[in-house]
Amino acid sequence: MAGMSPFTYLAHLLAVAATVLILVWSTHYRGGLALNSTNKALIFNVHPVLMLIGIIVIGGEATMSYRSLPGSREARKRVHLMLHGLALAMGAVGIYAVFKFHDDSKIPNMYSLHSWVGLGTFCLYGIQWILGFVTFFFPGASVSARQSIIPWHAILGLFIYILAIGNAQLGFLEKLTFLQLLNKLDRYGSEALLVNFTALVVLFLGAAVVLSTVNFKANRLESQKSIGL
């Protein structure tokens, strides 16, 4: 039987806070969102919103769902798969948006550490999802193979999520630095404080997701009973 730890409740709360903060930043301070606009900054704004809400918020909920949701193991597996799939889809649109922004604005692509780590993390996320699908859903591996793969699936999933959290920090820092260098943002103004606070909330969200997933007796018992996975 799955159960929710205090860290899971904290992660849910921080996920809501992170979602609200990124939307406030992109709409109130940065002018809104658009995939097609003469104001190219609106195209860029799609990127942080979808990457945070998709990969970090929904991805975090997907990571916790298998252990925390009530219901049968099979139902939790399906929720886990679908939430990660939704996170991937949102991430794909978010990456498309930043490439479109760069192309429309005549800015080179893939020149920063944030972009390198980000694209690598997204590719790992996609590979993890595909391998999980073919191993645990269709066509499905043998019971013994699934049992041996489960620990590595969980470890790699947490590793990818931690990479995403770290890369989000790089993204916040990069955007804030650019805005400050272009004199479009006061270093000690309300927007700068909001961005820094959002980055901290995302960092704590990542910690809460990881802590809610590992080192609990319920998790170990579930792993021992995972023949049906």
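Residues numbered from 1 in each chain as written. Predicted model: local features only at pLDDT ≥ 70, side-chain atom pairs only at ≥ 80, totals over all residues. Heavy atoms only, no water.

With an unreviewed UniProt entry as reference, the chain is termed Cytochrome b561, source organism Rhynchospora pubera.

Chemist: How should the overall build of the chain be read in this particular structure?
Modeler: Looking only at helices and strands, the chain features seven helices and zero strands. Counting from the amino terminus, helix and strand elements in the chain follow one another as α-α-α-α-α-α-α. Relative to the globule expectation of 17 Å for 229 residues, the C-alpha radius of gyration of the chain, 19 Å, shows essentially globular dimensions. Its C-alpha atoms give the chain principal-axis dimensions of about 60 × 35 × 25 Å. When each of the 229 residues of the chain is scored for burial, the buried share is 45%. (Helix = DSSP H or I, 4+ residues; strand = E, 2+ residues; numbered from the N terminus. Rg over C-alpha atoms; globule rule 2.2 N^0.38 Å. Buried < 20%, exposed > 50% of the residue type's maximum accessible area, 1.4 Å probe, protein only.)

Chemist: Looking at this structure, I do not really get the pattern of salt bridges. What am I missing?
Modeler: Working definition: two side chains of opposite charge can pair if their charged atoms are close together. All told, the structure shown has five salt bridges when counted by the stated rule. Residue Arg30 pairs with Glu191 through a salt bridge whose shortest N-O separation is 2.8 Å. One end of the pair, Arg30, is in the loop between α1 (6-29) and α2 (40-68); the other, Glu191, is in helix α6 (residues 190-213), and 161 residues separate them in sequence. Across the pair Asp104 and Lys40 runs a salt bridge, and its minimum N-O distance is 3.7 Å. With Asp104 in helix α3 (residues 73-104) and Lys40 in helix α2, this pair connects stretches of sequence that are 64 residues apart. What emerges from the salt-bridge pattern is a single network uniting Lys40, Lys100 and Asp104. (Salt bridge = Lys/Arg side-chain N within 4 Å of Asp/Glu carboxyl O.)

Chemist: I keep staring at the UniProt feature "domain: Cytochrome b561" (unreviewed entry) in the chain and nothing clicks. Help me out?
Modeler: UniProt records the feature "domain: Cytochrome b561" (unreviewed entry) for residues 10-214 in the present numbering. The span residues 10-214 is 82% helical and 0% strand by assignment, and the distance between its end C-alpha atoms comes to 15 Å. (UniProt positions renumbered as here; feature names shortened; annotations may be inferred.)

Chemist: When you look at the environment of Trp116 in this model, what are you seeing that I'm missing?
Modeler: For Trp116, the position within the fold is in helix α4 (residues 113-136). Note: C-alpha distance between Trp116 and His80 (36 residues apart in sequence) is 27 Å. Filtering out sequence-adjacent residues up to four positions away, Trp116 remains in contact with Met110 and Tyr111. Within the structure, Trp116 has its side chain in polar contact with the backbone oxygen of Met110 (distance 2.9 Å). (Contact = heavy atoms within 4.5 Å. Polar contact = N/O pair within 3.5 Å; in protein donor to acceptor, adjacent residues only side chain to side chain.)

Chemist: When you look at the nonpolar core in this model, what are you seeing that I'm missing?
Modeler: Nonpolar side chains in soluble globular proteins tend to end up buried together. Counting 43 residues, the largest nonpolar core has Ile22, Leu52, Ile56, Phe172, Val202 and Leu205 as its most contacted members. Of all the elements in the fold, those that place two or more residues in this core are α1, α2, α3, α4, α5 (143-181) and α6. (Core = buried A, V, L, I, M, F, W, Y, C linked by side-chain atoms within 4.5 Å.)

Chemist: What should I look at first to understand the UniProt feature "transmembrane region" (unreviewed entry) in the chain in this one?
Modeler: This chain's UniProt record puts "transmembrane region" (unreviewed entry) on residues 7-29, 41-60, 81-99, 119-138, 150-173 and 193-216. Taken end to end, residues 7-29 is 100% helix and 0% strand, and its first and last C-alpha atoms sit 31 Å apart. Across residues 150-173, the secondary structure splits into 100% helix and 0% strand, with the terminal C-alpha atoms separated by 35 Å.

Chemist: Explain a nonpolar patch on the surface to me, please; I cannot follow it from the model alone.
Modeler: A contiguous nonpolar patch, built from Leu124, Ile127, Ile130, Leu131, Val134, Leu156 and Phe159 and spanning about 570 Å² of accessible area, is present on the exposed surface. When contributions to the nonpolar patch are tallied by element, the ones reaching two or more residues are α4 and α5. Of the residues forming the nonpolar patch, the biggest block, five residues, is contributed by α4. Along the chain, Ile130 falls in helix α4. Residue Ile130 is classed as partly exposed on the basis of its relative accessible area, which comes to 49%. (Patch = residues over 30% accessible without salt bridge, like charges linked within 9 Å, V, L, I, M, F, W, Y side chains within 5 Å. Areas by Shrake-Rupley, 256 points an atom, 1.4 Å probe, with all protein chains shown as cover.)

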